[in-house]
Amino acid sequence: MTPEEYVEAVLTLVESIPEGRVMSYGAIADALAERSGRNSPRQIGGIMARHGGGVPWHRVVTSAGRLPPGHEREARARLLAEGVPLRGDRVRIDEAGWAPDGDRTGE
């Protein structure tokens with residue numbers, strides 16, 4: 001998979017995250033690792049920072065449930081509007097986590 005194809009795969013996966021659910025940077029990297037040969041949550045963060053404006057970027061959080069750096073206020077408002085459970089300033093991954101196979105990721 002070329003770097004450009006990887007960016008497209010990441011963005012396509014983020015677009016598929018249902019409303020009211022989230023994925024972590026690491027979960028996205030894991031979901032694409034076998035077919036891409038890559039597995040770096042930091043690389044996902046870079047892709048989201050550079051190319052993620054047209055997808056539901058607010059549904060991508062850290063594995064600890066932290067909101068996208070620099071966009072916490074807007075992400076929080078969007079997630080709350082979608083009914084995503086938060087505890088303080090973090091998403092409750094155990095309740096809102098999603099995986100492409102339809103399973104929750106935090107269980």
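For the protein chain, an unreviewed UniProt entry supplies the name Alkylated DNA nucleotide flippase Atl1 and the organism Actinoplanes octamycinicus.

Asker: Talk me through the nonpolar core; I want residue IDs and the actual numbers.
Answerer: V10, V14, V22, I28, I44, M48 and V91 are the most contacted members of the largest nonpolar core, which has 31 residues in total. Of all the secondary-structure elements, those providing two or more residues to this core are α1 (3–16), α2 (25–36), α3 (41–51), β2 (60–61), α4 (72–81) and α5 (93–96). With 7 residues, the single largest contributor to this core is α1. Excluding anything up to four places from it in sequence, M48 contacts V10, L11, V14, Y25, V55, W57 and V60.

Asker: So, the environment of D94: which residues are in play, and what are the values?
Answerer: Considering the arrangement of structural elements, one finds D94 in helix α5. Separated by 83 residues in sequence, D94 and L11 have C-alpha atoms that sit 23 Å apart.

Asker: Help me get a handle on the packing of α1 against α3, residues and values and all.
Answerer: Running from N to C, α1 and α3 point in directions that differ by 80 degrees, and their axes come no closer than 10 Å. Between α1 and α3, the angle falls in the class roughly perpendicular. Of α3, the residues touching α1 (which contributes Y6, V7, V10, L11 and V14) are Q43, I44, I47, M48 and H51. A per-class count over the contact of α1 with α3 returns 8 nonpolar, 2 polar and no charged.

Asker: I'd like a description of the pattern of salt bridges, backed by residues and values.
Answerer: Evaluation of the coordinates by the stated rule reveals 3 salt bridges. A salt bridge links R78 to E74, with the nearest nitrogen and oxygen atoms 2.7 Å apart. With R78 and E74 both in helix α4 and 4 residues apart, the pair spans about one turn of that helix. Overall, R78 belongs to the partly exposed group, its relative accessible area being 34%. Here R92 and E95 are joined by a salt bridge, their closest N and O atoms 2.8 Å apart.

Asker: Lay out the side chain of R38 in plain terms, naming residues and giving numbers.
Answerer: With respect to the element layout, R38 can be found in the loop between α2 and α3. One buried charged residue, R38, forms no salt bridge at all, with the nearest opposite charge on E5 at 7.1 Å. At 3.1 Å, the side chain of R38 and the backbone oxygen of M1 are in polar contact. Sequence-distant contacts of R38, defined by excluding residues within four places in its chain, comprise M1, T2, P3, Y6, A29, L32, A33 and Q43.

Asker: Kindly report on the packing of aromatic side chains, identifying the contributing residues and their values.
Answerer: On inspection of all chains with the given rule, the structure shows 0 aromatic pairs. The ring of Y6 carries R38 above its face, with NZ or CZ at 4.9 Å from the centroid.

Asker: Tell me about the environment of R59, and please be specific about residues and values.
Answerer: Tracing the backbone shows R59 in the loop between α3 and β2. Residue R59 is classed as buried on the basis of its relative accessible area of 10%. Separated by 40 residues in sequence, R59 and E19 have C-alpha atoms that sit 8.2 Å apart. Other than its neighbours up to four places away in sequence, R59 contacts I17, P18, E19, R21, V22, M23, L79 and E82.

Cut-offs applied
- Residues numbered from 1 in each chain as written.
- Predicted model: local features only at pLDDT ≥ 70, side-chain atom pairs only at ≥ 80, totals over all residues.
- Heavy atoms only, no water.
- Core = buried A, V, L, I, M, F, W, Y, C linked by side-chain atoms within 4.5 Å.
- Buried < 20%, exposed > 50% of the residue type's maximum accessible area, 1.4 Å probe, protein only.
- Helix = DSSP H or I, 4+ residues; strand = E, 2+ residues; numbered from the N terminus.
- Contact = heavy atoms within 4.5 Å.
- Axes fitted to C-alpha atoms, helices over the stretch in contact; angles between N-to-C directions.
- Parallel < 35°, antiparallel > 145°, perpendicular 65-115°, else oblique.
- Nonpolar A, V, L, I, M, F, W, Y, C, P; charged D, E, K, R; others polar.
- Salt bridge = Lys/Arg side-chain N within 4 Å of Asp/Glu carboxyl O.
- Lys, Arg positive; Asp, Glu negative; His and termini not counted.
- Polar contact = N/O pair within 3.5 Å; in protein donor to acceptor, adjacent residues only side chain to side chain.
- Phe/Tyr/Trp six-rings, centres within 6.5 Å; stacked < 30°, edge-to-face > 60°.
- Lys NZ or Arg CZ within 6 Å of the ring centre and 35° of its normal.

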